[in-house]
Amino acid sequence: MPLCFDLDGTLGTFGGGYALLREALGELWGAAPTREELRACAGSTDWEIVDELHRLRFGGGLAEEAYLAFEAACLARFEAAFHPEVQDPVRFEGIVEGLHRLVDRGHQVWLVSGNTPRTLAFKAARLGIDPRVPRLGSLPGLSRAGLIRKALEGCAGPHLYVGDRPHDREAASEAGVPFLGIGDAVEGAHPVLGAEAEAERLVHAVEGLVAPHLNSRLHP
Ligand SMILES: [Mg+2]
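Residues numbered from 1 in each chain as written. Predicted model: local features only at pLDDT ≥ 70, side-chain atom pairs only at ≥ 80, totals over all residues.

### Quick look at the environment of valine 203
Now for step 1: If you trace the backbone, valine 203 turns up in helix 9 (residues 199-218).
Now for step 2: We classify valine 203 as partly exposed; it has 19 C-beta atoms within 10 Å.
Now for step 3: C-alpha separation for the pair valine 203 and valine 103, spaced 100 residues apart in sequence, amounts to 10 Å.
Now for step 4: Not counting residues within four places of it along the chain, the set of residues in contact with valine 203 comprises Gly98, Arg101 and Leu102. (Helix = DSSP H or I, 4+ residues; strand = E, 2+ residues; numbered from the N terminus. Buried ≥ 20, exposed ≤ 12 C-beta atoms within 10 Å, placed from the backbone. Contact = placed C-beta atoms within 7 Å.)

Written as structure tokens, this is what we have:
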């Protein structure tokens, strides 16, 4: 029963992420994509975004080795910008504590994020996410919904995706899992918690969302 959490904007924030992404591509491609080009990307994962920008710039899709080179360049920038002696990310204390309580209560909890896998590992460590929580970052050829489906493979439901943006809600819907929003950037009929919500509120909201599905499985 994976309870899947997005990272950026959901568990905390690393400001300036898109600037670092543009810088990394500038180093690799000779010139950084413009803000407008980045904003025009339809995808929400790093693979989708960099692949889309690569098609725009070079007329063809991104090779896996080129994605790994991007990952290394991007990670180096995050490691420098968010070195403990430079600055700390903002950590949503109650949400992260609630995530850890869900783990302690026996739930399977995953991070499913649009960051490249190594950048996700770095960010999760900087936010102090328990290493028992598997990390699933952006992989070649997979959309966010594809990543969610990959996390659910071989696991019985109920499942859940927790995120902060419309693309998270849409990916949850495409993957057929319920959605819990964090913050006010994601509108819709789903439940929402503020980024400052306390741990117990997260636990209560998550267990309230998955319990009816559990009961219907047990008592169809
Ligand atoms: Mg996010």
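Right, picking up where we left off after that structure.
### Section: the packing of helix 1 (residues 17-29) against helix 4 (residues 64-81)
Now for step 1: Remark: helix 1 packs on helix 4, axes separated minimally by 9 Å, with the N-to-C direction vectors making an angle of 130 degrees. What the angle tells us is that helix 1 and helix 4 run oblique. You can see that helix 1 and helix 4 cross each other, and the crossing is right-handed. Together, Leu20, Leu21, Glu23, Ala24, Leu25, Glu27 and Leu28 of helix 1 and Ala69, Phe70, Ala73, Cys74, Arg77, Phe78 and Ala81 of helix 4 make up the contact between the two elements.
Now for step 2: Split by residue class, the contact of helix 1 with helix 4 holds 11 nonpolar, no polar and three charged. (Axes fitted to C-alpha atoms, helices over the stretch in contact; angles between N-to-C directions. Parallel < 35°, antiparallel > 145°, perpendicular 65-115°, else oblique. Left-handed = near helix turned anticlockwise from the far one by under 90°. Nonpolar A, V, L, I, M, F, W, Y, C, P; charged D, E, K, R; others polar.)

### Re the sheet that holds strand 8 (residues 192-193)
The strands that make up a sheet are held in pairs by hydrogen bonds between backbone atoms, and each pair lies either parallel or antiparallel.
Now for step 1: In spatial order, the strands read 5-4-1-6-7-8; together these six strands make up an open sheet with parallel pairing. Every interior strand has two partners, whereas the edge strands, strand 5 (135-136) and strand 8, have only one.
Now for step 2: Of the strand pairs in this sheet, strand 1 (residues 2-5) and strand 4 (residues 108-112) are connected by four bridges, and their pairing is parallel. Note that in strand 4 the partner of proline 2 across the bridge is glutamine 108. (Pairing = 2+ DSSP bridges.)

### Comments concerning helix 1
Now for step 1: Its 13 residues give helix 1 an end-to-end C-alpha distance of 18 Å, which sits within 8% of 18 Å, the value for a rise of 1.5 Å per residue.
Now for step 2: Among the residues making up helix 1, those that are buried are Gly17, Leu20, Leu21, Ala24 and Leu25. Here the buried residues of helix 1 occupy an arc of 135 degrees about the axis, which is enough to place them on one side.
Now for step 3: For helix 1, the secondary structure elements touched by its buried residues are helix 3 (46-58) and helix 4.
Now for step 4: At the C-terminal side of helix 1, glycine 30 shows a positive phi close to 90 degrees. (Expected span 1.5 Å × (residues − 1). Arc of directions from axis to C-beta.)

### Quick look at the packing of helix 4 against helix 6 (residues 117-126)
For any two helices packed against each other, one specifies the inter-axial angle together with the distance between the axes.
Now for step 1: The contact between helix 4 and helix 6 brings their axes to 8 Å, and the two run at 20 degrees. On the basis of their axis angle, the class for helix 4 and helix 6 is roughly parallel. Like other packed secondary-structure pairs, helix 4 and helix 6 cross with a definite hand, here right-handed. Residues Glu71, Cys74, Leu75, Phe78 and Glu79 of helix 4 form the contact with helix 6, whose own contacting residues are Arg118, Thr119, Phe122 and Lys123.
Now for step 2: Residue composition of the contact of helix 4 with helix 6, by class: four nonpolar, one polar and four charged.

### Quick word on helix 8 (residues 166-175)
Now for step 1: Listed in full, the buried residues belonging to helix 8 are His167, Asp168, Arg169, Ala171, Ala172 and Ala175.
Now for step 2: Following helix 8 by one or two positions, glycine 176 has its phi on the positive side, about 75 degrees.

### Overview of the domain arrangement of the protein
Now for step 1: By the assigned domains, the protein splits into domain 1 (2-13 + 90-218) and domain 2 (17-81).
Now for step 2: For domain 1 versus domain 2, the separation of C-alpha centres amounts to 25 Å.
Now for step 3: Listed by partner, the interface residues are 16 residues for domain 1 and 14 residues for domain 2.
Now for step 4: Elements supplying a minimum of two residues to the side of domain 1 that touches domain 2: helix 6 and helix 7 (144-152). (Domains from an automatic or database assignment.)

### Some points on the environment of alanine 76
Now for step 1: Along the chain, alanine 76 falls in helix 4.
Now for step 2: Spatially, the C-alpha atoms of alanine 76 and leucine 20 are 9.6 Å apart, while their sequence positions differ by 56 residues.

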